[in-house]
Amino acid sequence: MSRYDFKNVEKKWRKRWEEKPVQQNTKDKPKYYCLDMFPYPSGSALHVGHWRGYVLSDVLSRHKVLQGFHVLHPMGWDAFGLAAENNAIKQKKHPSVSVAENITTMKRQLMEMGTIYDWDFEINTTDPAYYKWTQWVFARMFEHGLAYEQEMPLNWCPTCKVVLANEEAVGGVCERCKNPATKKNLRQWMLKITRYGERLLNDLGKLDWPEKVKKMQTDWIGKSHGAEIDFTVLGESDSIKAFTTRPDTLCGATFMVLAPEHPLVEKLTAPEYKDEVDAYVQRAASRSSVDRMADKEKTGVFIGRYAENPITKEKMPIWVADYVLYDYGTGAIMCVPGHDERDFAFAEKFGLPIVQVISTCALVGHKLKEAYTGDGILVNSGEFNGLTVDEAKKAIGAFLEKLGRGKATVNYKLRDWVFSRQRYWGEPIPIVHCEACGPVVVPDAELPIVLPDIKSYEPTDTGESPLAKIEEWVNTPCPKCKQPAKRETNTMPQWAGSSWYFLRYPDINNNDALASPEALRDWLPVDYYVGGIEHAVLHLLYARFYTKFLYDIGAVTFEEPFTTLFNIGMINYKGKKMSKGEGYGVSPDNVLPKHGCDALRLYEMFIAPPEIDCEWDDSGIEGVSRFLNKLWRLAESPKLIAPTNGLIRLRHKMVRDISTRLENLSLNTVVSGFMEHTNTLQTLAAEGIDRETIETLAVLLAPFAPHIAEEIWERMGNTDSVFAQKWPEYDPEMLKTDTIELVMQVNGKLRGHVTVPANAEKDFVLEEARKALASRLDGAEIIKSVYVPGRIINFVIKGQ
RNA sequence: GCCCGAAUGGCGGAACAGGUAGACGCAAGGGACUUAAAAUCCCUCGGUGGCAACACCGUGCCGGUUCGAUUCCGGCUUCGGGCACCA
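This part takes up the overall build of chain A. Check the secondary structure of chain A and you find 26 helices and 30 strands. Viewed in the frame of its principal axes, chain A has a C-alpha envelope of about 100 × 85 × 45 Å. For chain A, with 800 residues in total, the buried portion stands at 54%. In chain A, the proportion of contacts linking residues at least 24 apart, taken out of those at least 6 apart, comes to 73%. On chain A, roughly 35,700 Å² of surface is accessible, and the fraction owed to carbon and sulfur atoms is 51%. Both charge centroids of chain A, one from 98 positive and one from 108 negative side chains, sit 2 Å from each other.

Below, the structure is given as structure tokens:
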């Protein structure tokens, strides 16, 4: 009996699979498209944290092969973008060089993991043949008015020297480097994702995605119902539009606030207040959003004008204050200090009137100590007194509409997507700026616009792309009027290539379309998508947006790209997040020589439920290594006997356990299930085990530990691959036993076990139990006897 | 601040649908085999009491529903995550 020689066995099977892939005769089988979020080769190597998702998708893919599906399980490289460029700068290498090196390493690692990626379908987003189509999608968006230029204050990361999309500047902090973002006025390309806000929200309901991710996208889109109210400015022709979710509180609106960036601030400010207002506006503009949010005290200044409350006709002083955001709603608000915490704080600080218009019994007649934001009945609201909040929303809405001073509206937090980047390493935006024609899209025949190969690609401080310096590339005739014109020098963001890549895999060499209609029909949408939670509102929102756009222009026939999404948990190491950037973490390259790839695969699953974040434990992998050795001793040269009833039942139980746990994606208990069954079989090994049990074990194990499974399968005398088999089924009838053991309780406490025939009647079972518990039940009054067939008996007694 | 999720031995975790809490593994301790080591095998391993059979307590805390609660309900505490002046 020898120790399991994982080195040679794994080498042998990887070579076999290379020569003869595990998927055969796939023509008539149903399709299954199982996809990993493709990695960006920004660091030199993958760590064991990345493996967790790749192992999961590999297990599912191999399982589907055994279940008779034709599986597409491809891999590629999201190789453009800031991370890859920063990494290249750090290494003092050209991005194309460092990316190619990183891809080589990562691909080797993925192959050593025994994954069934089909490398004939490899994608690289930096390949001009690929990004031709990334540019093509942009061109279509431009034609449909979804891509537009705008100069506006944008999130700017001074460290990365690049503008950030809203999704990349959550909390005012750069998503990549975590430094505070500032505002910078720049002309940028924007994508009108807001046009899709409602559909992006509604279609979440169709998706088999984790609730958490759906909720994050819902919150990000941030739909809220309310009213837009038009306030007359006294003595002026201009009026101020304000969005509110609480039109019911209109009679409590005692002042108004404009955002500092609001154009009416300059227009309306009374001359004697001008200096003070200008100073305030300038100060607000110079501060980062992080600073502005950090303010505990409300700030603001009166602009010397008044608006009129359309119901009460009271004069409402107009202020400017930076707690009002210019890019949400209308950038102006009606302030109801009685029923809004922020307005209350502002009113208290500046001595503005606070009027209560919503009341509960408890609140009537008391001066408000804080804003009351709850439900109640209208007071101090004239003809609307006595209405509930909900009734008043409708009634006041109708009143305003009749007056022509308001309408019901919906607002979203979702903003348009800042799409251009001031960096070298990205897809050139296929636009030419012509003095006569304006921005002109590059004709499809001229795509791809190839990224020029230049030496000096470092970012600039000015917000200008490094490409702007390459005159011979920048200067080009206008595609429309043929006059001298200039190319757009900004590039696309990291997300451009990854927003549609899943469409390309089935048809990677297509030069006439992003993919043929047949390939899309045969394979899309993705059935199962595996990746980390960090993309909940970035990549996943952008990919949904792209897909919906491509659906609208007839390029695809489905509206949602990913039917099912699985969020793989993160693996920490010594309490810290592993990173490929700093090389911190555990490399599979160090684990594989000692334990082998099957052991690492099993440990990735065994470590914790796959969706949970967990901690890498260096000694934990010993357990699965021991298991593989135990299994090998069991299956290497077993004493084969004819199947006994016990063995048959055991086999069916094994199939049931592994299958149901796998279906529930409880991969940690799948592994423990293999351990349990192997332990049980070990105790029977001396007596002998039947061939079918061992072969079934090999097939069940194949998706999880494919190398040892193939080896065992072959040692049993089989000449075909274990993956040419069918996933075993179990017969519930075979799991039944003649007798069953029941738990006995007295007053809910465990008091013993009793074995009865499986088909025994209730009365018989209770009588047996009563006899078995005689010493406890004698002399006591049995108030109730509970019998749950197959499970438990409980006597409720009085006395004792 | 608002929203969401979680809490089980020294550790990772298990418990189908309300029915034996702690599967499986790690670590630890003890033992067998061995000249020795590696490997393997066996035993112990939530707490308290007891020589023991056994008894009582025990799934973050308090309460409720139930014959029976880790599981359901109400109220807290702590930790993690998301958003954050979104009108």
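Among the 11 residues in helix α23 (residues 691–701), 9 count as buried, and that is most of the element. Every buried residue of α23 is listed here: Thr-693, Ile-694, Glu-695, Thr-696, Leu-697, Ala-698, Val-699, Leu-700 and Leu-701. Among the structural elements, α2 (48–66), α20 (621–635), α21 (645–663), α22 (667–684) and α24 (706–715) are those in contact with the buried residues of α23.

Bringing the protein's contact with RNA strand B into the picture now. Around RNA strand B, a shell composed of 51 residues is seen, among which Thr-245, Lys-298, Arg-342, Arg-626 and Arg-791 lie nearest. Looking at RNA strand B alone, sugar and phosphate atoms form 65% of those within 4 Å of the protein. One of the backbone N or O atoms of Leu-325 is found 2.7 Å from a base nitrogen in RNA strand B. Asn-679 has a polar side-chain atom sitting 3.3 Å from a phosphate oxygen of RNA strand B.

It is worth spelling out the pairing of strand β11 (residues 301–308) at this point. Pairing of β11 with strand β12 (residues 315–320), which is carried by 6 bridges, proceeds in the antiparallel orientation. Bridge pairing in β12 links Phe-302 to Trp-319. In textbook terms, the turn of a hairpin is the stretch between consecutive antiparallel strands, and for β11 and β12 this stretch comprises 6 residues, one of which, Lys-313, has a positive phi near 65°.

Here we come to the sheet that holds strand β9 (residues 239–244). Taken in spatial order, the 3 strands line up as β9-β8-β16 in an open sheet, and their pairing is antiparallel. Sheet topology places β9 and β16 (406–411) at the edges, where each strand pairs with a single neighbour. Sheet twist, expressed as the mean angle between neighbouring strand axes with direction ignored, is 30°. In terms of strand pairing, strand β8 (residues 224–232) meets β9 through 6 bridges, oriented antiparallel. Residue pairing across strands places Ala-227 opposite Thr-244, the latter belonging to β9.

Looking now at unusual backbone geometry. The step from Leu-447 to Pro-448 runs through a cis peptide bond, and the omega angle for that step is 0°. Position of Pro-448 relative to the elements: it lies in the loop between β19 (438–441) and α13 (471–474). In this structure, the amide linkage connecting Leu-524 to the following residue, Pro-525, adopts the cis form with an omega of -5°. The phi dihedral of Lys-92 falls on the positive side, at around 55°, and the residue is not glycine. Along the chain, Lys-92 falls in the loop between α3 (82–91) and α4 (95–112). A relative accessible area of 76% means that Lys-92 is categorised as exposed.

Counted according to the given criterion, the structure contains 2 cavities of 30 Å³ or more. Here the largest cavity is characterised by a volume of approximately 160 Å³. In this structure, the largest cavity is lined by 18 residues; those nearest its centre are Leu-82, Glu-168, Arg-176, Arg-421 and Gln-494. Across the lining of the largest cavity, the residue classes break down as 9 nonpolar, 4 polar and 5 charged. Looking at the second largest cavity, its volume works out to about 40 Å³.

What follows covers the nonpolar core. Trp-417, Phe-502, Leu-503, Tyr-546, Trp-616 and Phe-704 are the most contacted members of the largest nonpolar core, which has 173 residues in total. Of all the elements, α2 adds the most residues to this core, at 9 residues. Grouped together as the second largest cluster of nonpolar side chains are 50 residues, Met-316, Ile-318, Val-324 and Phe-346 included.

Next up on the list: the environment of Gly-497. For Gly-497, the position within the fold is in helix α14 (residues 495–498). Taking the C-alpha atoms as reference points, Gly-497 and Asp-416, 81 residues apart in sequence, are found 18 Å from one another. Gly-497 has contacts with Phe-38, Thr-125, Tyr-130, Thr-134 and Glu-427, leaving out every residue within four places of it along the chain.

Turning our attention to the environment of Met-141. Turning to its location among the elements, Met-141 is positioned in helix α5 (residues 128–143). Of the residues examined, Met-141 reaches a relative accessible area of 0% and is grouped as buried. In this structure, the C-alpha to C-alpha distance between Met-141 and Tyr-40, residues 101 residues apart in sequence, is 25 Å. Not counting residues up to four positions away in its chain, the partners in contact with Met-141 are Leu-146, Ala-147, Leu-191, Phe-545, Tyr-546 and Phe-549.

We now examine the sheet that holds strand β18 (residues 431–434). Strand order across the open sheet formed by 4 strands is β19-β18-β21-β20, with antiparallel pairing between neighbours. The open sheet terminates on both sides in strands that have one partner only, identified here as β19 and β20 (475–477). The average angle at which neighbouring strand axes cross in this sheet is 45°, direction not considered. In this sheet, strand β21 (residues 484–487) lies alongside β18 in antiparallel orientation, the contact comprising 2 bridges. Bridge pairing in β21 links His-433 to Lys-486. Taken strand by strand, α5 contacts β18 and β19, and its axis lies near 130° from that of β19.

Moving on: the side chain of Asn-490. Along the chain, Asn-490 turns up in the loop between β21 and α14. When near neighbours in sequence (up to four residues on either side) are disregarded, Asn-490 contacts Arg-187, Gln-188, Ser-420, Arg-421, Gln-422, Pro-428, Ile-429 and Ser-465.

Next up on the list: the pattern of salt bridges. A complete count under the given rule lists 49 salt bridges for this structure. Note that Asp-461 and Lys-161 form a salt bridge whose closest N and O atoms lie 3.2 Å from each other. Of the two residues, Asp-461 sits in the loop between β19 and α13 while Lys-161 sits in the loop between β5 (147–157) and β6 (162–164), which places them 300 residues apart along the sequence. Its relative accessible area of 55% is what places Asp-461 among the exposed residues. Classification of Lys-161 as partly exposed rests on a relative accessible area of 22%. Put simply, Glu-198 and Lys-223 hold a salt bridge, and the shortest N to O gap is 2.8 Å. On the criterion of sequence distance, the pair formed by Glu-198 in helix α6 (residues 197–202) and Lys-223 in the loop between α7 (211–221) and β8 is long-range, its members being 25 residues apart. In this structure Glu-198 comes out as partly exposed when scored by relative accessible area, which is 26%.

Here α5 contains 16 residues, and its C-alpha end-to-end distance of 22 Å stays within 8% of the 22 Å for a straight helix at 1.5 Å per residue. Of all the 16 residues making up α5, 12 are buried; the element is thus mostly covered by neighbouring parts of the structure. Put simply, Asp-127 is the residue that caps the front of α5, since its side-chain oxygen is 3.0 Å from the backbone nitrogen of Ala-129. Of the residues trailing α5, Gly-145 is marked for its positive phi of about 70°.

Scoring rules and cut-offs
Residues numbered from 1 in each chain as written. Chains lettered and ligands numbered in written order. Predicted model: local features only at pLDDT ≥ 70, side-chain atom pairs only at ≥ 80, totals over all residues. Heavy atoms only, no water. Helix = DSSP H or I, 4+ residues; strand = E, 2+ residues; numbered from the N terminus. Buried < 20%, exposed > 50% of the residue type's maximum accessible area, 1.4 Å probe, protein only. Contact = heavy atoms within 4.5 Å. Areas by Shrake-Rupley, 256 points an atom, 1.4 Å probe, with all protein chains shown as cover. Lys, Arg positive; Asp, Glu negative; His and termini not counted. Charge placed at Lys NZ, Arg CZ, Asp CG, Glu CD. Near = heavy atom within 4 Å. Polar contact = N/O pair within 3.5 Å; in protein donor to acceptor, adjacent residues only side chain to side chain. Pairing = 2+ DSSP bridges. Axes fitted to C-alpha atoms, helices over the stretch in contact; angles between N-to-C directions. 1 Å grid on protein atoms, 1.4 Å probe; cavity = no way out; pocket = protein on both sides within 12 Å on 5 of 7 lines; lining within 4 Å. Points joined across faces, edges and corners; volume = space filled by probe spheres on them. Nonpolar A, V, L, I, M, F, W, Y, C, P; charged D, E, K, R; others polar. Core = buried A, V, L, I, M, F, W, Y, C linked by side-chain atoms within 4.5 Å. Salt bridge = Lys/Arg side-chain N within 4 Å of Asp/Glu carboxyl O. Expected span 1.5 Å × (residues − 1).

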